[in-house]
Amino acid sequence: MGRLRSVTVALGLVAGALSAVAAASPQPAAVAATSADAPVVARHARVPAKAPLPGYTWAVTRVTAADLPASWRPGCPVGPADLRAVSVTYLDPAGHARRGTIVVAASVAQATAHVFGRLYELRYPIASMRPVDVFGGSDDASMDADNTSAFNCRATTGGTSFSEHSYGTAIDLNPVENPYVKGTTVLPAAGRAFVDRSPRPGVVVAGDAVVQAFAAAGFSWGGSWRTLKDYQHFSVSGN
């Protein structure tokens, strides 16, 4: 009996020690309660929304011969009085809002402003938008710079007749991503990386929102031509 009592006392001492350790330890129940009370975040909610764009603005101004030192000369099919400089907001490839200017015929100035407003809304990236006079009137230099432009009194590519650009009724959009392709000829040279026409930023493909935006404003796309493909080219006449 004395022996049984000794065992009972010993067990009591062990139980007391374990209770003391448990009391001194952090309570996992409290942690569990905190975790359970935390709000549940849906997976799709973790993707940040696109930042709102600054407001789109545009302006149309008259131009003079002095504004077109390299792109216009006497004998061109239209004069400076028939042209307008359209200044618009656009997004560069990094997603930053920029200000660009394009010279077009007065008859399509407002339509041009509306087209680029739609492209801005679509977040379509534009590498550069400057009058071709910045490049000395050189279509090749403008294309090499991936510059979006319009009026330039020059002959058609590989021809002698006036280009649609000579009338200010054609626009070349992102020439590198949307090159001129005829047989083995690709202009600009950097456009060879985009001949396959796989969808990428700045690339225009048949039936996309960019083609639709230009079509709504009365412009036809050179990417739909049969004998050659001028993916950068949008014109009023279809030429």
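One structure accompanies this document, and this report is about it. Computed from a prediction, not measured in an experiment: that's the story for all the values here.

**Here's the deal with the overall build of the protein**
Here is step 1 of the chain: If you tally the helices and strands in the protein, you get five helices and eleven strands.
Here is step 2 of the chain: Counting only residues that meet the buried cut, the protein has 39% of its 239 residues in that class.
Here is step 3 of the chain: Taking contacts inside the protein between residues at least 6 apart in sequence as the whole, the part at least 24 apart equals 55%.
Here is step 4 of the chain: If you sum the accessible surface of the protein, you get close to 13,200 Å²; carbon and sulfur atoms cover 60% of it.

**Observations regarding the nonpolar core**
Here is step 1 of the chain: In this structure, Phe 116, Leu 119, Leu 173 and Phe 214 are the most contacted members of the largest nonpolar core, which totals 29 residues.
Here is step 2 of the chain: The element best represented in this core is helix α3 (residues 109–121), accounting for five residues.
Here is step 3 of the chain: Residues within four places of Leu 173 in sequence aside, it is in contact with Phe 116, Leu 119, Tyr 124, Ile 126, Thr 148, Asn 178, Val 204, Val 210, Phe 214, Gln 232 and Phe 234.

**A closer look at the sheet that holds strand β9 (residues 220–221)**
Two strands in a sheet stick together by hydrogen bonds in their backbones, pointing the same way (parallel) or opposite ways (antiparallel).
Here is step 1 of the chain: Ordered by their spatial adjacency, three strands build an open sheet running β6-β11-β9, and the pairing between neighbours is antiparallel. Each of the sheet's edge strands pairs with one partner strand only, and the pair in question is β6 (170–172) and β9.
Here is step 2 of the chain: Pairing geometry for β9 and strand β11 (residues 233–235), over two bridges, is antiparallel. Across the sheet, residue Trp 221 finds its bridge partner in β11, namely Phe 234.

**Some words on the environment of Val 210**
Here is step 1 of the chain: Mapped onto the secondary structure, Val 210 falls in helix α5 (residues 209–216).
Here is step 2 of the chain: Residues contacting Val 210, with those up to four places away along its chain left out, are Leu 119, Leu 122, Tyr 124, Leu 173, Val 204 and Phe 234.

**Focus on the layout of surface pockets**
Here is step 1 of the chain: Each pocket or cavity is described by its volume, and for the largest pocket that value is around 310 Å³.
Here is step 2 of the chain: Together, 19 residues line the largest pocket, and Thr 156, Thr 157, Trp 225, Asp 230 and His 233 are the ones closest to its centre.
Here is step 3 of the chain: In terms of residue class, the lining of the largest pocket is made up of five nonpolar, nine polar and five charged.

**Focus on the pattern of salt bridges**
Here is step 1 of the chain: Applying the stated criterion across every chain, the model contains four salt bridges.
Here is step 2 of the chain: Residue Asp 92 is joined to Arg 98 by a salt bridge in which the shortest nitrogen-to-oxygen separation is 2.8 Å.
Here is step 3 of the chain: In this structure, the salt-bridge partner of Glu 121 is Arg 118, at a minimum N-O distance of 2.2 Å. With a gap of three residues between them, Glu 121 and Arg 118 both fall in helix α3, about one helical turn apart.

**Notes on the state of the cysteines**
Covalent bonding between the sulfur atoms of two cysteines is what defines a disulfide.
Here is step 1 of the chain: Counted by the stated rule, this structure contains one disulfide.
Here is step 2 of the chain: Disulfide pairing is shown between Cys 76 and Cys 153; the S-S distance is 2.1 Å. Residues Cys 76 and Cys 153 are joined by a disulfide whose S-S torsion is about -115°; by sign, that bridge is left-handed. Of the two residues, Cys 76 sits in the loop between β1 (58–62) and β2 (83–91) while Cys 153 sits in the loop between β5 (147–148) and β6, which places them 77 residues apart along the sequence. Here the two residues Cys 76 and Cys 153 agree in accessibility, since each one is buried.

**A look at α5**
An α-helix turns once every 3.6 residues. As a result, residues three or four positions apart point the same way.
Here is step 1 of the chain: All buried positions along α5 are accounted for by Val 210, Val 211, Ala 213 and Phe 214. Projected onto a plane normal to the axis of α5, the buried residues spread over an arc of 160° and lie on a single side. Of the exposed residues in α5, the ones pointing more than 90 degrees away from its buried face are Gln 212 and Ala 216.
Here is step 2 of the chain: At its buried positions, α5 is contacted by α3, β6, β9 and β11.

**Remarks on empty space enclosed by the protein**
Here is step 1 of the chain: Under the counting rule described, the total for this entry stands at one cavity of 30 Å³ or more.
Here is step 2 of the chain: The calculated volume of the largest cavity comes to roughly 30 Å³.
Here is step 3 of the chain: Lining the largest cavity are Leu 68, Ser 71, Val 103, Pro 131, Val 132, Asp 133, Ser 149, Ala 150 and Phe 151.
Here is step 4 of the chain: Tallied by class, the residues present in the lining of the largest cavity amount to six nonpolar, two polar and one charged.

Rules of the game
- Residues numbered from 1 in each chain as written.
- Predicted model: local features only at pLDDT ≥ 70, side-chain atom pairs only at ≥ 80, totals over all residues.
- Heavy atoms only, no water.
- Helix = DSSP H or I, 4+ residues; strand = E, 2+ residues; numbered from the N terminus.
- Buried < 20%, exposed > 50% of the residue type's maximum accessible area, 1.4 Å probe, protein only.
- Contact = heavy atoms within 4.5 Å.
- Areas by Shrake-Rupley, 256 points an atom, 1.4 Å probe, with all protein chains shown as cover.
- Core = buried A, V, L, I, M, F, W, Y, C linked by side-chain atoms within 4.5 Å.
- Pairing = 2+ DSSP bridges.
- 1 Å grid on protein atoms, 1.4 Å probe; cavity = no way out; pocket = protein on both sides within 12 Å on 5 of 7 lines; lining within 4 Å.
- Points joined across faces, edges and corners; volume = space filled by probe spheres on them.
- Nonpolar A, V, L, I, M, F, W, Y, C, P; charged D, E, K, R; others polar.
- Salt bridge = Lys/Arg side-chain N within 4 Å of Asp/Glu carboxyl O.
- Disulfide = S-S within 2.5 Å.
- Arc of directions from axis to C-beta.

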